[in-house]
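Residue strings, one per chain:
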Amino acid sequence: MTAPTRRRRQLILVICCMSLVIVGLDNTIVNVALPSIQRDLHASLSGLQWVVDAYTLVLASFLVLSGSTADRLGRRSTFQAGLATFTVASLLCSLAPSLGWLVAFRMLQAVGGSMLNPVAMSIIVNTFTDRAERARAIGIWGAAVGVSLALGPVVGGLLIASVGWRGIFWVNIPVGVAAIVLTALFVPESKAPHPRRLDPVGQVLVITILASLVYGIIEGPQRGWASAEIIGCFCLSAAALTALLLVEPRRQEPLLDLRFFRSAPFSGATVIAVSAFAALGGFLFLNTLYLQDVRGYSALHAGLLTLPLAAVTVIFSPLSGRMVSRQGPRRPLLAAGVCMTVSALMLTRLTASTPTLWLLASYLIFGIGFGLVNAPITNTAVSGMPRSQAGVAAAIASPS
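Every value quoted in this text rests on a predicted model; they were computed, and no experiment measured them. (Residues numbered from 1 in each chain as written. Predicted model: local features only at pLDDT ≥ 70, side-chain atom pairs only at ≥ 80, totals over all residues. Heavy atoms only, no water.)

Teacher, can you tell me more about the side chain of Asp-199 here?
Of note, Asp-199 is situated in the loop between helix 7 (172-186) and helix 8 (200-223). A polar contact of 2.7 Å, which involves the side chain of Asp-199, links it to the side chain of Arg-251. (Helix = DSSP H or I, 4+ residues; strand = E, 2+ residues; numbered from the N terminus. Polar contact = N/O pair within 3.5 Å; in protein donor to acceptor, adjacent residues only side chain to side chain.)

Pasting the structure below:
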């Protein structure tokens, strides 16, 4: 590999990491701003959940479609479309006049977000073809999560204290514009040699599964778990899942190729990814409410307390990538599981008077575990799949 080629690959990796930073930054900042949004827009707890989960729901619904679209129409163009959509939606979020509009604009953000991280990962897979080099690149990619975790709470706290919660969405705009320009200049276009056709039936079923399930989980405590509405949501989700399992194997080019899951490493990586990022999402949502509403800390103070978590994530993500390239994924995954489990057990003991040292210790252990987990799951998911379907494979095990 010549020096210019290496530099170009490194630049492509930086540009791809920008998408992870912008999405991660947005998620962490929004969580820090939840108490301010609740007070300003008079939102209920379920309303706050929708600010977070409407984004997650739409993102999860369109990840696989975005990945397959990138493989079919072009990864660079799809990536740029995602950046543009995410940036415009961020501006709209900052102007939202009510909670309903904020949730709607967050859903538009998610449409753009679905075209960012999994597509960026497929660009990385097709840029770094050597397995060891790819593992190290994915480790650096994982460190970008730590950067967003570090910057989000602190930047969010400063913006909330100075200009209010609407300012948290302004951060995305210059980063998004810069990423669009840099992508046009330096990222080559690539696509699958044999594009797959659209699968509208599969897409509708995926959206139905996720929408009905998430709605039931969020509204269940308020409307009653035994209510006809909530039971109906869960039954609809189960029926759509059954239909997906029956219909997709019969389609020539399905949206979700269930043969992927015959690979034990891929299936394992997917389950671990879902568990790890569900743990992170739950931690971010509950921790900011705990620190600000229970402990009475300001948004900035709450953000500063989570800096140790972010710092160790930044440190351990590239270390995990090097471990995967040399020893395989088993050891970092085991260490990650132990750390995140220990941290979760520590966090179950929190009260209004829990010592700060106990908090910081639990954050540090969680950060180490999360830093170790991303490189092995992502590398395992994409390494066993054909490069022509890198977008789909990355979407299924995406950290978005």
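What should I look at first to understand helix 8 in this one?
A turn of α-helix holds 3.6 residues, and therefore any two residues three or four places apart point the same way. Across its 24 residues, helix 8 extends 32 Å between first and last C-alpha, which sits within 8% of the 34 Å expected from 1.5 Å per residue. Where helix 8 bends most, at Ile-217, the angle is about 35°, and the proline Pro-221 comes one to four residues later. Among the residues of helix 8, Gly-202, Gln-203, Leu-205, Val-206, Ile-209, Ser-212, Gly-216, Ile-218, Glu-219 and Gly-220 are the ones counted as buried. Taken together, the buried residues of helix 8 touch helix 2 (45-73) and helix 9 (228-247). Two residues or fewer after helix 8 comes Gly-224, characterised by a positive phi angle close to 100°. (Expected span 1.5 Å × (residues − 1). Bend = angle between axes of the 7 residues up to and from the residue. Buried < 20%, exposed > 50% of the residue type's maximum accessible area, 1.4 Å probe, protein only. Contact = heavy atoms within 4.5 Å.)

In this structure, what is going on with the packing of helix 6 (residues 131-162) against helix 12 (residues 307-327)? I would like to understand it.
A packed helix pair is summarised by two numbers, namely the angle formed by the two axes and the spacing between the axes. Between helix 6 and helix 12, whose axes approach to 7 Å, the crossing angle comes to 175°. Taken together, the axis directions place helix 6 and helix 12 in an arrangement best described as roughly antiparallel. Residue-level contacts link Ala-132, Ala-135, Arg-136, Gly-139, Ile-140, Gly-142, Ala-143, Gly-146, Val-147, Leu-149, Ala-150 and Val-154 of helix 6 to Leu-307, Leu-309, Ala-310, Thr-313, Val-314, Ser-317, Pro-318, Gly-321, Val-324 and Ser-325 of helix 12. When the residues that make up the contact of helix 6 with helix 12 are grouped by side-chain class, the tally is 14 nonpolar, 7 polar and 1 charged. (Axes fitted to C-alpha atoms, helices over the stretch in contact; angles between N-to-C directions. Parallel < 35°, antiparallel > 145°, perpendicular 65-115°, else oblique. Nonpolar A, V, L, I, M, F, W, Y, C, P; charged D, E, K, R; others polar.)

Hey, could you run me through the pattern of salt bridges in this one?
As a working rule, side chains carrying opposite charge can pair if their charged atoms are close by. Counted according to the given criterion, the structure contains 4 salt bridges. Notably, a salt bridge pairs Asp-26 with Arg-106, separated by 2.6 Å at the nearest N-O pair. On the criterion of sequence distance, the pair formed by Asp-26 in helix 1 (residues 3-41) and Arg-106 in helix 4 (residues 99-113) is long-range, its members being 80 residues apart. Arg-106 shares its class with Asp-26; the two are buried. Linking Asp-199 and Arg-251 is a salt bridge whose minimum nitrogen-to-oxygen distance equals 2.7 Å. (Salt bridge = Lys/Arg side-chain N within 4 Å of Asp/Glu carboxyl O.)

In this structure, what is going on with the packing of helix 2 against helix 4? I would like to understand it.
Viewed as axis vectors pointing N to C, helix 2 and helix 4 meet at an angle of 25°, and their least axial separation amounts to 7 Å. Considering their axes alone, helix 2 and helix 4 lie roughly parallel with respect to each other. Relative to helix 4, helix 2 is oriented so that their crossing is right-handed. Counting all contacts with helix 2, which are made through Gly-47, Trp-50, Val-51, Val-52, Ala-54, Tyr-55, Val-58 and Leu-59, the residues of helix 4 involved are Leu-99, Leu-102, Val-103, Arg-106, Met-107, Gln-109, Ala-110, Val-111 and Gly-113. (Left-handed = near helix turned anticlockwise from the far one by under 90°.)

Would you take a moment to explain the state of the cysteines for this structure?
A covalent bond bridging the sulfur atoms of two cysteines is what the word disulfide describes. On inspection of all chains with the given rule, the structure shows 0 disulfides. The closest cysteine sulfur to the non-disulfide-bonded Cys-16 is located on Cys-17, 7.1 Å from its own sulfur. Judged by relative accessible area, Cys-16 falls into the buried class, the value being 0%. Unpaired in this structure, Cys-233 has its nearest cysteine sulfur neighbour in Cys-235, at a distance of 9.4 Å. The exposure class assigned to Cys-233 is buried, which follows from its relative accessible area of 13%. (Disulfide = S-S within 2.5 Å.)

Would you mind going over the environment of Thr-5 with me for this structure?
Following the sequence through the fold, Thr-5 ends up in helix 1. For Thr-5, a relative accessible area of 33% corresponds to the partly exposed category. Between the alpha carbons of Thr-5 and Met-121 there is a distance of 19 Å; along the sequence they are 116 residues apart.

Would you explain a nonpolar patch on the surface in this entry?
Residues Val-177, Val-181 and Leu-185 make up a contiguous nonpolar surface patch of about 270 Å² in total accessible area. Residue class for Leu-185 comes out exposed when judged on its relative accessible area of 56%. (Patch = residues over 30% accessible without salt bridge, like charges linked within 9 Å, V, L, I, M, F, W, Y side chains within 5 Å. Areas by Shrake-Rupley, 256 points an atom, 1.4 Å probe, with all protein chains shown as cover.)

Whenever I open this one, the nonpolar core confuses me. Can you help?
Nonpolar side chains in soluble globular proteins tend to end up buried together. Among the nonpolar cores identified, the biggest contains 60 residues, and Phe-79, Ile-124, Trp-141, Leu-149, Leu-291 and Phe-370 are the most heavily contacted of them. Beyond its immediate chain neighbours, meaning those up to four positions away, Leu-149 contacts Thr-28, Leu-280, Leu-284, Leu-309, Ala-310, Thr-313 and Phe-370. (Core = buried A, V, L, I, M, F, W, Y, C linked by side-chain atoms within 4.5 Å.)

Where do I start with the packing of aromatic side chains in this structure?
A ring pair, where both rings are aromatic, is described by two values, the distance of the centres and the angle of the planes. Using the criterion set out here, one finds 6 aromatic pairs in the structure. Through a chain of ring-to-ring contacts, three or more aromatic side chains come together here, namely Phe-283, Tyr-363 and Phe-366. (Phe/Tyr/Trp six-rings, centres within 6.5 Å; stacked < 30°, edge-to-face > 60°.)

Quick question: what am I supposed to make of the side chain of Thr-313 here?
Looking at the secondary structure, you find Thr-313 in helix 12. Judged by its relative accessible area of 0%, Thr-313 falls in the buried class. Within polar-contact distance, the side chain of Thr-313 engages the backbone oxygen of Leu-309 at 2.9 Å. Dropping the residues within four chain positions of it, Thr-313 is found in contact with Ala-143, Gly-146, Leu-149, Gly-367, Phe-370 and Gly-371.

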